[in-house]
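Below, each chain spelled out in residue letters.
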Amino acid sequence: MPNVRETALTGSAGILVEPEGATTGVLVLSGSSGRVETDRCRLLASHGVAAASIRYFGGPGQPGEARLMPLETFDDILAELHSRYQRLVVLGTSWGAQAALLLGTLHPEIDAVVGISPTYVSWAGLSDERPQRSSWMLRGEQVPFVPFDDEAGDEAVKEAGGELPSFCEAYLSALEKYADRVPAATIPVERIAGEVVLVAGGDDALWPSVLFAEAVRRRRTAHDLETIVVTHPDAGHRVVLPGEPVLQRSRRLDWGGSEEADRELGLLAWPEIAAVL
């Protein structure tokens, strides 16, 4: 393992893990918790890749919920990584995959985007506030989004009967109910200049990430752009990469899958992820 230096990022809650001799810098984005992905950064660093992660919800001066986050929030750390390393990659999971794909459309200097449990549209912010607003802002304007279907979400909780609810059907219902909003909210992934790797579990109970990943691939294929999609029929929403620690399951949401299948998908995906790193 190379010599590694860990640095707390100034100006935001975050970490930069730099192995000696690294030529690639990766921005690692968590899901809707917005947390700092320390373990994943350390894993990537053990493979010779510099990795940074910042708290992008609930940090200093940031919204406490997944809503109305300026995409410019990521500009400084992207610029820092781009200035230090020959290759620039963004790796995001779930809500962070949404951000990663959006950033890929805005920053031609990004050489690759890796989306784990991705979506092909921008969604409303995760908040009880109504009327609904976007998760993201760009140059002071809300990024077009698909609202949630509140009735379908309530029904998902009711049908769970006290167990952890699955929101797959609620997300599909929202896409149907607000079909007029989908075209504007669809992430223009054909604008991503770099490579795209998507990882999705067929038993994802949070949202139908395989369907979403295939929608991204179809759009890029229509523009003669290659997209790698790696799936496993029994894996869930939270994919575990080789060497990552056991993850605590959500107490609020059904992620689907199992630790065994989630790790198997991570193992399948790792060669494709490593190739773009």
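Residues numbered from 1 in each chain as written. Predicted model: local features only at pLDDT ≥ 70, side-chain atom pairs only at ≥ 80, totals over all residues. Heavy atoms only, no water.

## Here's the deal with the packing of aromatic side chains
Here's step 1: Overall, the coordinates contain ten aromatic pairs when judged by the stated rule.
Here's step 2: Where Trp-123 meets Phe-148, the ring centres are 6.0 Å apart and the plane angle is 5 degrees; that geometry is what we call stacked. Of this pair, Trp-123 sits in the loop between strand E7 (112-116) and strand E8 (136-138) while Phe-148 sits in the loop between strand E9 (141-142) and helix H4 (150-160), and the two are 25 residues apart along the sequence.
Here's step 3: Accessibility expressed as a relative area gives 14% for Phe-148, which makes it buried.
Here's step 4: On the numbers, 6.4 Å between centres and 40 degrees between planes, the contact of Trp-123 with Phe-212 is tilted. (Phe/Tyr/Trp six-rings, centres within 6.5 Å; stacked < 30°, edge-to-face > 60°. Helix = DSSP H or I, 4+ residues; strand = E, 2+ residues; numbered from the N terminus. Buried < 20%, exposed > 50% of the residue type's maximum accessible area, 1.4 Å probe, protein only.)

## Examining the pairing of strand E11 (residues 228-232)
Here's step 1: Pairing of strand E10 (residues 195-201) with E11, which is carried by five bridges, proceeds in the parallel orientation. Note that in E11 the partner of Val-199 across the bridge is Val-230.
Here's step 2: The parallel pair E10 and E11 is bridged by helix H7 (residues 209-221), and the resulting crossover is right-handed. (Pairing = 2+ DSSP bridges. Right-handed = clockwise from strand over helix to strand, strands pointing away.)

## What about the sheet that holds strand E5 (residues 69-70)?
Here's step 1: Strand order in the open sheet formed by three strands is E5-E8-E9, with mixed pairing between adjacent strands. Both edges of this open sheet fall to E5 and E9, since each of them pairs with a single strand only.
Here's step 2: As paired elements, E5 and E8 share two bridges and run parallel to each other. Bridge pairing in E8 links Met-69 to Trp-136.

## Focus on helix H3 (residues 95-106)
Here's step 1: With twelve residues, H3 should cover 16 Å at 1.5 Å per step; its first-to-last C-alpha distance of 17 Å lies within 8% of that length.
Here's step 2: Most of H3 is tucked away, with eleven of its twelve residues classed as buried.
Here's step 3: For H3, every residue scored as buried is listed here: Trp-95, Gly-96, Ala-97, Gln-98, Ala-99, Ala-100, Leu-101, Leu-102, Leu-103, Gly-104 and Thr-105. (Expected span 1.5 Å × (residues − 1).)

## Observations concerning the nonpolar core
For soluble globular proteins, the rule of thumb is that nonpolar side chains tend to be buried together.
Here's step 1: Membership of the largest hydrophobic core comes to 60 residues, with the highest contact counts inside it found for Leu-27, Phe-74, Trp-95, Leu-101, Trp-123 and Trp-136.
Here's step 2: No other element matches H3, which puts six residues into this core.
Here's step 3: Counting residues in each nonpolar core, the second largest holds 28 residues, with Val-17, Val-26, Cys-41 and Val-230 among its members. (Core = buried A, V, L, I, M, F, W, Y, C linked by side-chain atoms within 4.5 Å.)

## Focus: the environment of Leu-103
Here's step 1: In this fold, Leu-103 is placed in helix H3.
Here's step 2: Expressed as a C-alpha distance, the spacing of Leu-103 and Val-189, which sit 86 residues apart in the sequence, is 9.9 Å.
Here's step 3: Setting aside residues no more than four positions away along its own chain, Leu-103 makes contact with Leu-27, Leu-29, Leu-71, Phe-74, Leu-78 and Ile-110. (Contact = heavy atoms within 4.5 Å.)

## Digging into the pattern of salt bridges
Here's step 1: This model, assessed by the stated rule, comprises 14 salt bridges.
Here's step 2: Across the pair Arg-35 and Glu-37 runs a salt bridge whose closest N-O atoms are separated by 3.8 Å.
Here's step 3: On the basis of relative accessibility, which here comes to 33%, the residue Arg-35 falls in the partly exposed class.
Here's step 4: Judged by relative accessible area, Glu-37 falls into the buried class, the value being 5%.
Here's step 5: Between Lys-177 and Asp-149 there is a salt bridge, with its nearest N and O atoms 3.6 Å apart. Separated by 28 residues along the polypeptide, Lys-177 in helix H5 (residues 168-177) and Asp-149 in the loop between E9 and H4 bring together distant segments of the chain.
Here's step 6: Residue classification places Lys-177 among the partly exposed positions, given a relative accessible area of 44%.
Here's step 7: Each of the salt bridges in this network shares a partner with another, and the network as a whole consists of Arg-5, Glu-18, Glu-80 and Arg-84. (Salt bridge = Lys/Arg side-chain N within 4 Å of Asp/Glu carboxyl O.)

## Comments concerning the environment of Gly-115
Here's step 1: Within the fold, Gly-115 resides in strand E7.
Here's step 2: A relative accessible area of 0% places Gly-115 in the buried class.
Here's step 3: Sequence separation between Gly-115 and Thr-93 is 22 residues; the distance between their C-alpha atoms is 5.9 Å.
Here's step 4: The residues contacting Gly-115, other than those within four sequence positions of it, are Gly-92, Ala-97, Val-197, Leu-198 and Val-199.

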